Protein chains: 2
Amino acid sequence: MDKIKRNERMAALTKWLTESPNRIFTLSHFCEQFGSAKSTLSEDIDILRRTFETFGLGKLETVTGAAGGVRYRPSISPEDTVAFLSGLAGELSTPSRFLPGGFLYLGDILSMHDIVTKMGTIIAEQFYDAEPDFVLTMETKGIPVALMASHALGVPLVIARHSSKVYEGSAVHINYVSGTDKHIDTMSLSRRAVKPGQKALIVDDFVKAGGTAKGMCDLMTEFEVEVVGTAFVVATENPVKKCISGEKALLTMNVDADDPGTLSLRPSDWVMEMVDK
Amino acid sequence: MDKIKRNERMAALTKWLTESPNRIFTLSHFCEQFGSAKSTLSEDIDILRRTFETFGLGKLETVTGAAGGVRYRPSISPEDTVAFLSGLAGELSTPSRFLPGGFLYLGDILSMHDIVTKMGTIIAEQFYDAEPDFVLTMETKGIPVALMASHALGVPLVIARHSSKVYEGSAVHINYVSGTDKHIDTMSLSRRAVKPGQKALIVDDFVKAGGTAKGMCDLMTEFEVEVVGTAFVVATENPVKKCISGEKALLTMNVDADDPGTLSLRPSDWVMEMVDK
């Protein structure tokens, strides 16, 4: 292969780093790929870091120490976060999205890759320091956003199910009380899915009374896993007192259950606080 | 802003193009972003195309005509495709993954972002020409791979459900006969999800007798949508005659239902044919 130019290295480095977020690459790894000197690669990374900053492409961080190297973390600026979530809140605040029982039609939004990527990134950015070992979600609608959050964090996604399917193998089941209508439901997770002592970040689409979320927390207790956070796309303003506490949401929803015309969403206080920092 | 150097443009172009696969960007769009001349951008794209080729990062294509520009399509070389699927087949061919009824434990594999990204890319590459308007999957396990296929194709993901949930709004239901044990099941899809005249690519995790897949095809008929292809992660060798025809799979699975020790998977004939081309 001919000697590789900086232009070419820039493109390849960008591709490799951004497709594996939160993973530490050693400089030696890249030196081998390109047949370049460490000093050259070090300069490459400096240029890349500045470029990512200039164009708001995310953060390139140098990690020192024995296991050191360079890692990419996707990032969305506070202004873009508010603009994105305000736009989404406006789009969702239409009476035709109101569904019986005080729910919200989100199905279309939650399977659009660009939207769930942004949501997953905003959530992940708040939990890098908590260092979760995996992201846990409950089937079905939260899966895409949870997958993208897990991708940004560089950890696996684990999916709990309503009932154990034959193809899951041996599983742990728990019963939980739905927070909204108080019926009893079952949640299950394959025994092979997680290990005792790990840390979980719970990500799901919607929280109202929080019964399902509490069920996921209880399930993690059964597995001796610590829950380091719970994050949702939409949280309802009411009930204020939910079955769990400390939950984070991107959007807060308000509606008078008898009047779809009152439906309104806004970026949550949690998001607005991030931005004020 | 200072004048932007080619090094910097290379990094930003790579990020923008690769995060929105199969979308056509006009050169003018990039000229505005950088304040550069079209001839300069044109050279940038040429360098980028060669770099992507050299490092196997995917394909950068120039689209001519009024709506022309440049688009990125992820791509995995034939050799890497076979190496990836052979490795996966080996990993999955362990008796402990065998589940009662002739099923296969795939849950861990199917929620790992890097694995489903590769699977989604291999599937998408075969269906660019068919120009699907969306990817359809059936909840739950196929969602991540279907999401990544839809991302590579640059189209939305649509998810059919086992039963209509209250938060889906008005929905179309169909009954279908499970191909394996002949019980009758229900599948539903929100009325707002798709439009008559669109084209669907069906992507799911596992096909045995093909009852669910046929259900999805029937559902599309109800919506007056044409199915341009059906692709799966794993297809069982038996029954050879399935409820659908023309299905594509990445891996073929063989097992004597009474003897988990006989479980074996291999890259499918479809994959091997792609590679021979």
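From a predicted model like this one, the values you see are computed outputs, not experimental measurements.

(A) Seen up close, the overall build of chain A. Of the regular secondary structure elements, chain A holds eight helices and 12 strands. When the backbone C-alpha atoms are referred to their principal axes, chain A occupies close to 70 × 45 × 30 Å. Expressed as a percentage of the 277 residues in chain A, the buried residues total 55%. Sequence separation of at least 24 residues holds for 61% of the intrachain contacts in chain A that already meet a minimum separation of 6. For chain A, the accessible surface area stands at approximately 11,800 Å², while carbon and sulfur atoms represent 49% of it. Of note, chain A has its 29 positive side-chain charges centred 5 Å away from the centre of its 36 negative side-chain charges.

(B) Region of interest: the packing of aromatic side chains. On inspection of all chains with the given rule, the structure shows 16 aromatic pairs over all chains. For the pair Trp16(A) and Phe30(A), a centre-to-centre distance of 6.3 Å together with 5° between the ring planes defines the contact as stacked. Of the two residues, Trp16(A) is situated in helix α1 (residues 6–19) and Phe30(A) in helix α2 (residues 27–34); the sequence distance between them amounts to 14 residues. Of the two residues examined, Trp16(A) and Phe30(A), each falls in the buried class. Of the aromatic side chains, those joined through ring pairs into one cluster are Trp16(A), Phe25(A), Phe30(A), Phe34(A) and Phe55(B). When the ring centre of Tyr105(B) is taken as origin, the NZ or CZ atom of Arg192(A), which lies over that ring, is 4.4 Å away. Here the guanidinium or amino end of Lys208(A) rests over the ring plane of Phe103(A), the centre of that ring lying 4.8 Å away.

(C) Representation of the relation of the copies chain A and chain B. Aligned on chain B, chain A shows an RMSD of 0.0 Å; the corresponding rotation is 180° and the shift along the axis is 0.0 Å. Overall, the copies show the geometry of a two-fold rotation axis. A shared interface surface links the copies, since 98% of the contact residues of chain A are contact residues in chain B too.

(D) Main features of helix α6 (residues 143–153) of chain B. All names here are of chain B. In terms of burial, α6 is a largely internal element, 11 of the 11 residues being buried. Among the residues of α6, Ile143, Pro144, Val145, Ala146, Leu147, Met148, Ala149, Ser150, His151, Ala152 and Leu153 are the ones counted as buried. At the C-terminal side of α6, Gly154 shows a positive phi close to 70°.

(E) A look at the sheet that holds strand β10 (residues 226–236) of chain B. Residues and elements named next belong to chain B. Taken in spatial order, the six strands make up an open sheet running β6-β5-β9-β10-β11-β12, and their pairing is mixed. The sheet is open, and its two borders are formed by β6 (157–160) and β12 (259–267), each paired with just one other strand. Ignoring which end each strand starts from, the neighbouring axes of this sheet average 25° apart. Across five bridges, the pairing between strand β11 (residues 248–256) and β12 is antiparallel. Bridged to Asp256 within β12 is Asp259. Its contacts with the sheet put α6 on β5 (134–138), β6, β9 (199–207) and β10, and the angle it makes with β5 is roughly 175°. The strands that helix α8 (residues 269–276) touches are β11 and β12; relative to β11, the one it contacts most, it runs at about 135°.

(F) Representation of the confidence of the model for chain A within the structure. On average, residues of chain A score 92 in pLDDT, and 97% of them reach the 70 mark or higher. Our summary of model confidence lists the complex with pTM equal to 0.91 and ipTM equal to 0.90.

(G) Region of interest: the interface of chain A and chain B. In this assembly, 48 residues from chain A lie in contact with 48 residues from chain B. Regarding the contact of chain A and chain B, the summed buried area is about 4,400 Å², with carbon and sulfur atoms giving 69% of it. Counting residues per element, the ones that place at least two in the side of chain A that touches chain B are α1, α2, α3 (38–55), β4 (103–104), α6 (143–153) and β6 (157–160) of chain A. In terms of residues, the side of chain A that touches chain B owes the most to one element, α1(A), which gives 10 residues. A breakdown of the residues in the side of chain A that touches chain B according to their chemical character gives 26 nonpolar, 13 polar and nine charged.

(H) How the structure looks around the pattern of salt bridges. Enumeration over the complete set of coordinates arrives at 24 salt bridges over all chains. Arg71(A) is paired through a salt bridge with Glu61(A); the nearest N and O atoms lie 3.1 Å apart. Residue Arg71(A) is located in strand β2 (residues 69–73), and its partner Glu61(A) is located in strand β1 (residues 59–63); the two are separated by 10 residues in the primary sequence. Classification of Arg71(A) as buried rests on a relative accessible area of 17%. A salt bridge links Arg266(B) to Glu237(B); the shortest N-O distance between them is 3.1 Å. Here the residue Arg266(B) occupies a position in strand β12, and Glu237(B) occupies one in the loop between β10 and β11, the gap between them amounting to 29 residues. By relative accessible area, which is 32% here, Arg266(B) ends up partly exposed.

(I) Here's a closer look at the environment of Ile4(B). Position of Ile4(B) among the secondary structure elements: in the segment before α1 (6–19). For Ile4(B) and Phe34(B), which are 30 residues apart along the polypeptide, the C-alpha to C-alpha distance reads 6.5 Å. Sequence-distant contacts of Ile4(B), that is, excluding residues within four places in its chain, are made with Phe55(A), Arg9(B), Gln33(B) and Phe34(B).

(J) The sheet that holds strand β12 (residues 259–267) of chain A, seen in detail. Residue and element names in this part refer to chain A. Taken in spatial order, the six strands line up as β6-β5-β9-β10-β11-β12 in an open sheet, and their pairing is mixed. With one partner strand each, in any of the chains shown, β6 and β12 form the two edges of the open sheet. Across the sheet, the mean angle separating the axes of adjacent strands is 25° when strand polarity is ignored. Judged from the four bridges that link them, strand β5 (residues 134–138) and β6 form a sheet pairing that is parallel.

(K) Spatial organisation of unusual backbone geometry. With an omega of 10°, the peptide bond running from Glu139(A) to Thr140(A) counts as cis. Within the element layout of this structure, Thr140(A) appears in the loop between β5 and α6. Note that the residue after Asn238(A), namely Pro239(A), is joined by a cis bond; omega there is -5°. Counting through the fold element by element, Pro239(A) comes out in the loop between β10 (226–236) and β11 (248–256). Unlike most non-glycine residues, Glu224(A) shows phi in positive territory, near 60°. Within the secondary structure, Glu224(A) is located in the loop between α7 (211–222) and β10. Backbone geometry places Glu131(B), a non-glycine residue, at a positive phi of 50°. Tracing the backbone through its elements, the reader meets Glu131(B) in the loop between α5 (113–125) and β5.

What counts as what
Every chain is numbered independently, its residues counted from 1 as its sequence is written. Written order decides the labels, with chains lettered from A and ligands numbered from 1. Residues qualify for local features only when their pLDDT is at least 70, as the model is predicted, and side-chain atom pairs are given and counted only at 80 or more; totals for whole chains, interfaces and linings, by contrast, use all residues. Just so you know, side-chain values use all the structure's heavy atoms and leave hydrogens and water out. Put simply, DSSP H or I for four residues or longer makes a helix, DSSP E for two residues or longer makes a strand, and each gets a number counted from the N terminus. For the exposure calls, accessible area comes from a 1.4 Å probe over protein chains only, and a residue counts as buried if that area is under 20% of its type's maximum, exposed if over 50%, partly exposed in between. Contacts are residue-level and defined by heavy atoms, with any inter-residue pair within 4.5 Å sufficient. Here the accessible surface of atoms and residues is derived via Shrake-Rupley with a 1.4 Å probe, and residues count as covered only by protein chains that are part of the display. None of His or the chain ends enter the tally, which takes Lys and Arg as positive and Asp and Glu as negative. The atom standing in for a charge is NZ when the residue is Lys, CZ when it is Arg, CG when it is Asp and CD when it is Glu. Stacked, tilted and edge-to-face are the three classes applied to pairs of Phe, Tyr and Trp rings, where Trp contributes its six-membered ring and a pair requires centres within 6.5 Å; stacked means planes under 30 degrees apart, edge-to-face means over 60, and tilted covers the rest. Sitting over a ring, as applied to charges here, requires NZ of Lys or CZ of Arg to be within 6 Å of the ring centre and within 35 degrees of the ring normal. Least-squares fitting of one copy onto the other uses the C-alpha atoms of those residues that reach a pLDDT of at least 70 in both copies. Only strands joined by at least two bridges in the DSSP assignment are considered to pair. All axes are obtained by fitting lines to C-alpha atoms, using only the stretch in contact for helices, and the reported angles, taken between N-to-C directions, cover 0 to 180 degrees. Values of pLDDT, ranging from 0 to 100, describe the predictor's confidence in every residue of the model. Note on terms: buried area is the combined drop in 1.4 Å-probe accessible area of two parts once they are placed together, counting the loss on both. Polar here means any residue other than Ala, Val, Leu, Ile, Met, Phe, Trp, Tyr, Cys and Pro, which are nonpolar, and Asp, Glu, Lys and Arg, which are charged; Gly is therefore polar. Any Lys or Arg side-chain nitrogen located within 4 Å of an Asp or Glu carboxyl oxygen qualifies as a salt bridge.

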